[in-house]
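Summary of structural features
Below are the chains, spelled out letter by letter.
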Amino acid sequence: MFNKKFFYGRLKSRGLSKSKKFYYDNYKNNYLLDFEKINLIKNKNFILEIGFGLGENLIFQSEKYNEDIFIGVDPFINGIANVIYEAKLKNLNNIYLVNSPIQSILDKFKNNFFSKIFILFPDPWMKKKHNKRRLINNLFLKEILKKMKIQSSLIFVTDDKNYFENVINLIIELKVEKSSFHYSLDNRYEIKDTKYFNKASNLKKEIYFLNLDKLKNVT
Ligand SMILES: C[S@@+](CC[C@H](N)C(=O)[O-])C[C@H]1O[C@@H](n2cnc3c(N)ncnc32)[C@H](O)[C@@H]1O
């Protein structure tokens, strides 16, 4: 489906603090996702966050919507350790994590699975020659739509105008192909301020919101 190289970020920044390492080593088995088990669970809403970073929004959402099941996917090990630490301290048992790029594991989820998907401030890869490294492209949109339930939404937030406009164009092109979804540009869902949201706010950058709603199945 996705070809070869698709992850260009950092897997680890600085070393983990002693406490984060302790929590990671001792509790990771409680939080790392077991695909077989998750695909068997019925009558639950599954919410996905791709590239959750330090996990501020993932933790916030899972505390607020404690009946739903949250799945966070990010190869960045410091973020994984941070979420395990916070989830354990807050006694959250509705969070599961995958320590890989989304493209390498997306196919392990059933089609029509997710009720909501967050993608907050994905790496913008601003230089034109790096644009092709961006997470959201035509193939990604087609594949992620398959995994979304009818009536579900993908929420994309960025401070990069070029990335935002590019995603809108991709959606418009897809729309010509299949009238199975629509999009809106309002800030419709409550989202916790993340590290990159705060960075953008401090620099007084404009923040762009996009909701992609799936209306019917994509063939
Ligand atoms: C700019 S940071 C934003 C983090 C967080 N969402 C925020 O708003 O602070 C982008 C995140 O996406 C993750 N990432 C990059 N490529 C990814 C991929 N292919 N699949 C999943 N996560 C990815 C990075 O490891 C990083 O944590």
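The coordinates are above.
Residues numbered from 1 in each chain as written. Predicted model: local features only at pLDDT ≥ 70, side-chain atom pairs only at ≥ 80, totals over all residues. Heavy atoms only, no water.

**So, the sheet that holds strand S2 (residues 69–73)**
Rules: Each pair of strands is called paired provided DSSP finds at least two bridges between the two strands. Numbering of helices and strands runs from the N terminus; a helix is a DSSP stretch of H or I covering at least four residues, while a strand is a stretch of E covering at least two. Fitted lines through C-alpha atoms give the axes, limited to the stretch in contact for helices. The angle between two N-to-C directions lies from 0 to 180 degrees.
One open sheet holds the seven strands; their spatial order is S3-S2-S1-S4-S5-S7-S6, and the pairing between them is mixed. Edge positions in the open sheet fall to strand S3 (95–98) and strand S6 (181–184), since each of these has one partner strand only. With strand direction ignored, the average angle separating the axes of adjacent strands in the sheet is 15 degrees. Where strand S5 (residues 148–158) meets strand S7 (residues 208–214), six bridges bridge the pair, whose relative direction is antiparallel. By the bridge assignment, Thr-158 is partnered in S7 with Tyr-208.

**Regarding the site of the ligand**
We count it as follows: We call a residue near a given molecule or strand whenever any one of its heavy atoms falls within 4 Å of it. We define a polar contact as two N or O atoms separated by no more than 3.5 Å, with the added condition that, inside protein, one atom must be a possible hydrogen donor and the other a possible acceptor, whereas residues neighbouring each other in sequence contribute only through side-chain atom pairs. Here the open area of atoms and residues is found with the Shrake-Rupley method and a 1.4 Å probe, where only the protein chains shown may cover a residue. Each residue is assigned to one of three groups, with Ala, Val, Leu, Ile, Met, Phe, Trp, Tyr, Cys and Pro labelled nonpolar, Asp, Glu, Lys and Arg labelled charged, and all others, Gly among them, labelled polar.
Around the ligand lies a shell of 19 residues, among which Gly-51, Asp-74, Gln-103, Leu-120 and Thr-194 are the nearest. Within the side chain of Gln-103, an N or O atom sits 2.9 Å from a nitrogen atom of the ligand. With the chains in place, 92% of the 590 Å² that the ligand exposes on its own is no longer accessible. When residues of the shell around the ligand are traced back to their parent elements, those giving at least two are helix H5 (102–105) and helix H8 (195–202). Its residues assigned to classes, the shell around the ligand shows twelve nonpolar, four polar and three charged.

**Re the environment of Ile-69**
With respect to the secondary-structure elements, Ile-69 resides in strand S2. In sequence terms Ile-69 and Ile-47 are 22 residues apart; their C-alpha atoms lie 6.1 Å from each other.

**Side note on the packing of aromatic side chains**
Put simply, the rule reads: By convention, a stacked pair of Phe, Tyr or Trp rings (six-membered ring in the case of Trp) has centres within 6.5 Å and planes under 30 degrees apart, an edge-to-face pair has planes over 60 apart, and any other such pair is tilted. Burial here depends on accessible area, computed with a 1.4 Å probe over protein chains only, as a share of the maximum for the residue type. Under 20% is buried, over 50% is exposed, and the range in between is partly exposed. In this scheme, Lys NZ or Arg CZ marks a charge over a ring once it lies within 6 Å of the ring centre and within 35 degrees of the ring normal.
Counted by the stated rule, this structure contains 13 aromatic pairs. Ring centres of Phe-22 and Tyr-27 lie 6.5 Å apart, and the angle between their planes is 80 degrees; on these two criteria the pair is classed as edge-to-face. According to the relative accessible area criterion, Phe-22 is partly exposed, its value standing at 46%. Between Phe-121 and Phe-197, the aromatic rings sit 6.1 Å apart at their centres with planes inclined by 85 degrees, giving edge-to-face as the arrangement. Taken as a pair, Phe-121 in the loop between strand S4 (114–120) and helix H6 (138–147) and Phe-197 in helix H8 lie far apart in primary sequence, 76 residues in all. Ring pairing ties together the aromatic residues Phe-35, Phe-46, Phe-109, Phe-113 and Phe-114, which thus form one cluster. The side chain of Lys-20 reaches across the aromatic face of Tyr-85, ending 5.0 Å from its centre. If you follow Lys-88 out to its NZ or CZ, it ends over the ring of Tyr-27, 4.6 Å from the centre.

**What to know about the pairing of S4**
Here is the rule we go by: With its strands directed away from the observer, a crossover is right-handed exactly when the path from the first strand over the helix to the second travels clockwise.
Burial analysis of S4 places seven of its seven residues in the buried class, the great majority of the element. In terms of strand pairing, strand S1 (residues 46–50) meets S4 through five bridges, oriented parallel. Note that in S4 the partner of Glu-49 across the bridge is Phe-118. As judged from the six bridges shared by S4 and S5, these two strands associate in the parallel manner. By the bridge assignment, Lys-116 is partnered in S5 with Ser-153. For the segment spanning S4, H6 and S5, crossover handedness is right-handed.

**Side note on unusual backbone geometry**
The backbone of Asn-91 sits at a positive phi, close to 60 degrees, despite the residue not being glycine. The topology assignment puts Asn-91 in the loop between helix H4 (77–89) and S3. Backbone geometry at Phe-121 places phi at a positive 50 degrees, although glycine is not the residue there.

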